[in-house]
Amino acid sequence: MSDTKEKILMTALRLFAQNGYEATSVSAIAEVLSMTKGALYRHYQNKREIFDAIVKRMVEQDQESAKQNEVPEATFEESPSAYRGVTLTQVKNFTLDQFRFWSEDEFGRNFRKMVILEQYRDPEIADWHQKIFTNGPVGYVEDLFREMMAQGELHKGDPRLLALRYFAPFYLLLGMADAPAGSDRAIDLLTKHIDDFIKNNTETKEI
C-alpha cells in the first residue's frame, strides 16, 4: 500500500472513530489530509471502499495473530481438525496479543471505537461488533474448550459457560485500558485472570 493510501486509510479510521462512519464525509477526510477530493478518489473510489479496506486490514491482522500463536484461523465448521491439540498456553498468548492490539495499537483502538460508536446506527457495523467482540470470540473459545474437554485438558463442563467466564473480564478490562496509563494495569489483571482460570479448570494445575 502506498504511503498516501495508508494515510488516507488511517485518517479516515480516526475520523470514523471520533465522529462515526455515517457522519464522516469524504470531504472531511480530504480536508484533514490537505488534499482535494479528486486526489483522494485516485486512491479510493468512495468512502465505502475505504471502509472495506479497513475491514480487510482488521481481518488480516486477526488471522496473522492466530497464525503466530498457532491457534485456528478458520471457524470450527470450516476446519474442525485445527481445533484439536491447541493448548491453553496458546489460547492465553493469543488472548493477550488480541488485548494489546485492541488497547494499544492505533489501528486496533480506532477500529474498536468505530464499531462501538456506530453499532447502534448501522446494522452491518453492529454485525461486525458481534463477530469481533461478543458472539464471535465467545463461540471461537467455546469450540476450543469443547475440544480440550474431549482431550482431557480441561475439566468437563458446559463449554459455552466456560467461554463466557474466560472472556467476560476481557471487555471490562478493555474499558480500563482506555483510561490514562491504564493499559499496563489492565494487561496485568487479564494475565492474572487467565492464569487463575487455567489453574482452576485443569487437572494438572499448571500454567
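No experiment lies behind these values; they were computed from the predicted model shown. Within any chain, residue numbers begin from 1 and follow the written order of that chain's sequence. Totals for whole chains, interfaces and linings use all residues, but because this is a predicted model, local features are given only for residues with pLDDT of at least 70 and pairs of side-chain atoms are given and counted only at 80 or more. Only heavy atoms go into the side-chain values, all of them from the structure, while hydrogens and water stay out.

Colleague: Whenever I open this one, unusual backbone geometry confuses me. Can you help?
Modeller: Trans peptide bonds make up the majority, and among non-glycine residues the majority have a negative phi. A positive phi angle, near 55°, is found at Ser34, a position not held by glycine. Residue position: Ser34 is located in the loop between helix H2 (26–32) and helix H3 (37–41). For every residue, the accessible area obtained with a 1.4 Å probe (protein chains only) is divided by the maximum for its type, and the residue is called buried under 20%, exposed over 50%, and partly exposed between those limits. The exposure class assigned to Ser34 is exposed, which follows from its relative accessible area of 69%. We note that Glu70 has phi near 60°; this positive angle belongs to a residue other than glycine. Numbering of helices and strands runs from the N terminus, with a helix taken as a DSSP run of H or I at least four residues long and a strand as a DSSP run of E at least two residues long.

Colleague: I tried to follow the pattern of salt bridges on my own but got confused; where do I start?
Modeller: One side chain can pair with another of opposite charge once the charged atoms of both are near each other. Salt bridges are identified by distance alone: a Lys or Arg side-chain nitrogen within 4 Å of an Asp or Glu carboxyl oxygen. Here the structure, examined in full by the defined rule, presents 15 salt bridges. Among the salt bridges present, the one from Glu6 reaches Arg57, with a minimum N-O distance of 2.5 Å. Within this pair, whereas Glu6 is found in helix H1 (residues 3–19), its partner Arg57 is found in helix H4 (residues 47–68), the two being separated by 51 residues in sequence. A relative accessible area of 24% means that Arg57 is categorised as partly exposed. Close ionic contact of Lys92 with Asp195 constitutes a salt bridge, the shortest N to O distance being 2.7 Å.

Colleague: Is there a simple way to think about the confidence of the model for the protein chain in this case?
Modeller: As a note on interpretation, predicted positions should not be read in detail where pLDDT is low. Residue-level confidence of the predictor, termed pLDDT, takes values from 0 up to 100. For the protein chain, the mean per-residue pLDDT works out to 93, and 97% of the residues sit at or above 70. At the low end of the mean pLDDT range in the protein chain sits helix H7 (residues 123–133), at 92; at the high end sits H2, at 97.

Colleague: I keep staring at the nonpolar core and nothing clicks. Help me out?
Modeller: The nonpolar side chains of soluble globular proteins are, as a tendency, buried together. Ranked by internal contacts, the top residues of the largest apolar core, which has 61 residues, are Ile50, Phe99, Trp102, Phe111 and Phe145. Throughout, a residue-residue contact means that at least one pair of heavy atoms, one from each residue, lies within 4.5 Å. Not counting chain neighbours up to four residues away, the residues in contact with Phe99 comprise Phe170, Leu173, Leu174, Ala177, Ala186, Ile187 and Leu190. The definition of a nonpolar core used throughout is a set of buried Ala, Val, Leu, Ile, Met, Phe, Trp, Tyr and Cys residues joined through side-chain atoms within 4.5 Å.

Colleague: Before we go on, may I ask you to explain helix H5 (residues 88–104) in this structure?
Modeller: Working note: α-helix, 3.6 residues per turn, so residues spaced by three or four point in the same direction. Residue count minus one, scaled by 1.5 Å, sets the expected span of a helix. Taking 1.5 Å of rise per residue, 17 residues should cover 24 Å, and H5 covers 24 Å from first to last C-alpha, within 8% of that figure. Judged by how many residues are buried, H5 sits mostly within the fold: twelve of 17 residues are covered. Of all the positions in H5, only Leu88, Gln90, Val91, Lys92, Phe94, Thr95, Leu96, Gln98, Phe99, Phe101, Trp102 and Ser103 are classed as buried. Buried positions along H5 lie against H4, helix H6 (106–118), H7, helix H8 (135–151), helix H9 (159–177) and helix H10 (183–201).

Colleague: Is there a simple way to explain the environment of Arg146 in this structure?
Modeller: Structurally, Arg146 is set in helix H8. A relative accessible area of 29% places Arg146 in the partly exposed class. Separated by 16 residues in sequence, Arg146 and Leu162 have C-alpha atoms that sit 9.4 Å apart. Throughout this description, a polar contact denotes any pair of N or O atoms lying within 3.5 Å of each other; where both atoms belong to protein, one of them has to be capable of donating a hydrogen while the other can accept it, and for residues adjacent in sequence the pair is counted only when both atoms sit in side chains. A distance of 2.9 Å separates a polar atom in the side chain of Arg146 from a polar atom in the side chain of Asp143.

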